[in-house]
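Here's the letter readout for the chains.
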Amino acid sequence: MQLLDGKIVSQAVKNDIKEMTSLFINSGKKTPHLAAILIGSNGASETYVASKVKNCEEVGFKSSLIRYEENISEATLIAAINKLNCDEDVDGILVQLPLPKQINEEKIINLINPDKDVDGFHPMSIGKMVQGLPTFIPATPYGILLMLEYYRIETSGKHAVVIGRSNIVGRPISILLSRNTYPGNCTVTVCNSRTNSLKEICLQADIIIVALGIPEFLKSDMVKENAVVIDVGITRVVDASKKSGFVIKGDVDFTNVAPKCRYITPVPGGVGLMTIAALLKNTFAACKNKYS
Ligand code: GUN
């Protein structure tokens, strides 16, 4: 069993971005700039956005964090996005999800200028991704691809089982793994909470990607020997013995699944770190696109 180490891979990606950014700025071009909107005080969202901003600084990007109270009106948020859409200095716009219930998520995503859609959630970005055209790929699936690539994991002809069909992870990674490229050329099965015979399907998988948000959902009797397991889950589970009051759990019963695997991602220290590295790559690309 080999760990797919998000720390090592994300650092390698960030080192590349840092070097490219420095060359870019030294050649007279602008500093890449990510604007992040965070609404409310969801602990997990706060942590993710703080990490995104910190990582921008680490690679030499500019970042702006725009915060609103939980009770922000949709009109105020729309005005804020319109302002960022028109701001020449802003290259990438990220609206941290989930949004409060008074706000229509679809409307907000559709409003972001596709040229600045570094999350890759806009229908234009998704449409291009489906067609295999150059575009912004959502950060978590993109991070998974970067990880498979770094460890040169063979994907061609393999059966990939994706558990979860969200617009953010399950659906896009299933499309990306089926593309005629590397990583790709997989035969993909997309499962959901209603899938019959999930265990039997998983037992046929060479690659399993779990993106459900249910701690320790994937058990060892669902995994064949030498499978590649990618765990996208990051759930805070109450644990009074910890100073923070919680522990982070993935969607995989790591202790029992890991010994059967050829490769497996840990949680934390796996896909989560790759998501941020991929977001930085998209932000750099958004900035670079301004000059092409
Ligand atoms: N919430 C959970 N994952 C993501 C993500 O990748 N981007 C944004 N904007 N919000 C999220």
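Check the entry above for the structure.
Parameters at a glance
Residues numbered from 1 in each chain as written. Predicted model: local features only at pLDDT ≥ 70, side-chain atom pairs only at ≥ 80, totals over all residues. Heavy atoms only, no water. Helix = DSSP H or I, 4+ residues; strand = E, 2+ residues; numbered from the N terminus. Buried < 20%, exposed > 50% of the residue type's maximum accessible area, 1.4 Å probe, protein only. Polar contact = N/O pair within 3.5 Å; in protein donor to acceptor, adjacent residues only side chain to side chain. Contact = heavy atoms within 4.5 Å.

Engineer: In this structure, what is going on with unusual backbone geometry? I would like to understand it.
Structural biologist: Comment: phi is negative for the bulk of residues other than glycine, and the bulk of peptide bonds are trans. Looking along the chain, the bond that leaves Tyr182 and enters Pro183 is cis, with omega of -10°. Relative to the helices and strands, Pro183 resides in the loop between α7 (170-178) and β6 (187-191). Unlike most non-glycine residues, Asn185 shows phi in positive territory, near 55°. With a phi angle near 55°, Ser197 is a residue other than glycine that sits in the positive phi range. Tracing the sequence through the fold places Ser197 in the loop between β6 and α8 (198-203).

Engineer: How should the side chain of Ser10 be read in this particular structure?
Structural biologist: For Ser10, the location among the structural elements is in helix α1 (residues 6-26). Its relative accessible area of 4% is what places Ser10 among the buried residues. In terms of polar contacts, Ser10 uses its side chain to reach the backbone carbonyl oxygen of Lys7, at 3.4 Å. Excluding residues that lie within four positions of it along the chain, Ser10 makes contacts with Leu273, Met274 and Ala277.

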